[in-house]
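# Report on the structure
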Amino acid sequence: MPKHEAIAARSWLFAPGDSEKKMTKAMEGEADIVLIDLEDAVAPDSKAAARPMVHDFIAANPEQRGRLWVRINPLDGPHTLDDLVAIMPARPGGIMLPKVYGRQDVETLDRYLEALEVANGIEQGSTPVIVLITETAEAMFHTGDYKGAPRVVALTWGAEDLADSIGASSNKEADGAYSFTYELARSLTVLGAATAGVTAIETISADFKDLEALKARAEKVRRDGYRGMMAIHPAQVPVINAAFTPTEAEIAEAQEIVGVFAANPGVGAIGWKGGMLDRPYLARAERLLRQAGKL
């Protein structure tokens, strides 16, 4: 069974699975991943009609298949198996699993996918998964449990469904910032992703017109350890891509740090530009260069 590596994808753009026009527009844009949505973006009465649309769209664009992922409906509802049976013959690039309660949901999905891969002549274990790990109150206690979980390449979080799960009337402070519980969810997600060795992906910014706020938030969460962000509108994608792409100045500094240590093998700390560098600086520099494809 293939071993999945953490995915290097900056922008994850949602597109409703019941709109061929919006799926096409999303695919033709710059998003690293197009998340075709069968969950929240599709009304319950429209899900049956949306499934063959999603299948046909993916099947009609085989050269884009690796970018075309599908958010299925959650395992605790009636739609999950119908979603998977409909879309897996088209070989989507990956699956987003929402509203989990813990690792056991990923393991259940793995068994479903194994059977459907075999049935459709797909390499067993080859379909990767991103998991929304904070949308239920119970899931918040299990954010560190995904190390070695089958198929998982990324973790992300959500604030709206979490608020519903705990009966909150709002998830924001008066100034528009997330309140403590939701900042905790963000922190636990990046910690969970680091523990699992997978990619941390930031949740959406609902105000798609405020691109300056999006830029500031994307740059902040990148500093915090996130490697990408979800989007709900094509206009957000270039901002996200830019925010999660290392700049030339960052690359040059990282190369200089790596060079300093390479010139002084075996040292634990070394003076540099009036300060001291130790091994964590080297690790961060090497990680940035790998992210930029320079190492």
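Our subject is the structure that appears above.
This section reports on the structure supplied with the text. (Residues numbered from 1 in each chain as written. Predicted model: local features only at pLDDT ≥ 70, side-chain atom pairs only at ≥ 80, totals over all residues. Heavy atoms only, no water.)

## What to know about the environment of Ala163
- Along the chain, Ala163 turns up in helix H5 (residues 160–166).
- On the basis of relative accessibility, which here comes to 5%, the residue Ala163 falls in the buried class.
- Dropping the residues within four chain positions of it, Ala163 is found in contact with Ala168, Asn171 and Tyr182. (Helix = DSSP H or I, 4+ residues; strand = E, 2+ residues; numbered from the N terminus. Buried < 20%, exposed > 50% of the residue type's maximum accessible area, 1.4 Å probe, protein only. Contact = heavy atoms within 4.5 Å.)

## Looking at the nonpolar core
- One finds Ile36, Val70, Ile95, Val131 and Tyr146 to be the most contacted residues of the largest nonpolar core, which totals 61 residues.
- Element by element, the count of residues in this core is highest for helix H6 (residues 180–196), at five residues.
- If sequence neighbours within four positions are ignored, Ile36 has contacts with Ala15, Gly17, Met23, Val54, Phe57, Ile58, Leu68, Trp69, Val70 and Arg71.
- With 14 residues, the next largest nonpolar core counts Ile33, Met96, Ala154 and Ile201 among its residues. (Core = buried A, V, L, I, M, F, W, Y, C linked by side-chain atoms within 4.5 Å.)

## A closer look at the pattern of salt bridges
- This structure, assessed with the given rule, holds 18 salt bridges.
- Where Glu39 meets Arg71, a salt bridge forms, and the shortest distance between an N and an O atom there is 3.2 Å. You can see Glu39 sitting in the loop between strand E2 (33–37) and helix H2 (47–59) and its partner Arg71 sitting in strand E3 (residues 68–71), a full 32 residues away along the chain. Exposure class is identical for Glu39 and Arg71. Each is buried.
- We note a salt bridge from Arg186 to Glu183, for which the minimum N-O separation is 2.8 Å. With a gap of three residues between them, Arg186 and Glu183 both fall in helix H6, about one helical turn apart.
- Looking at Glu183, the relative accessible area reads 28%, which means it is partly exposed. (Salt bridge = Lys/Arg side-chain N within 4 Å of Asp/Glu carboxyl O.)

The values are spatial; any link to function lies outside them.
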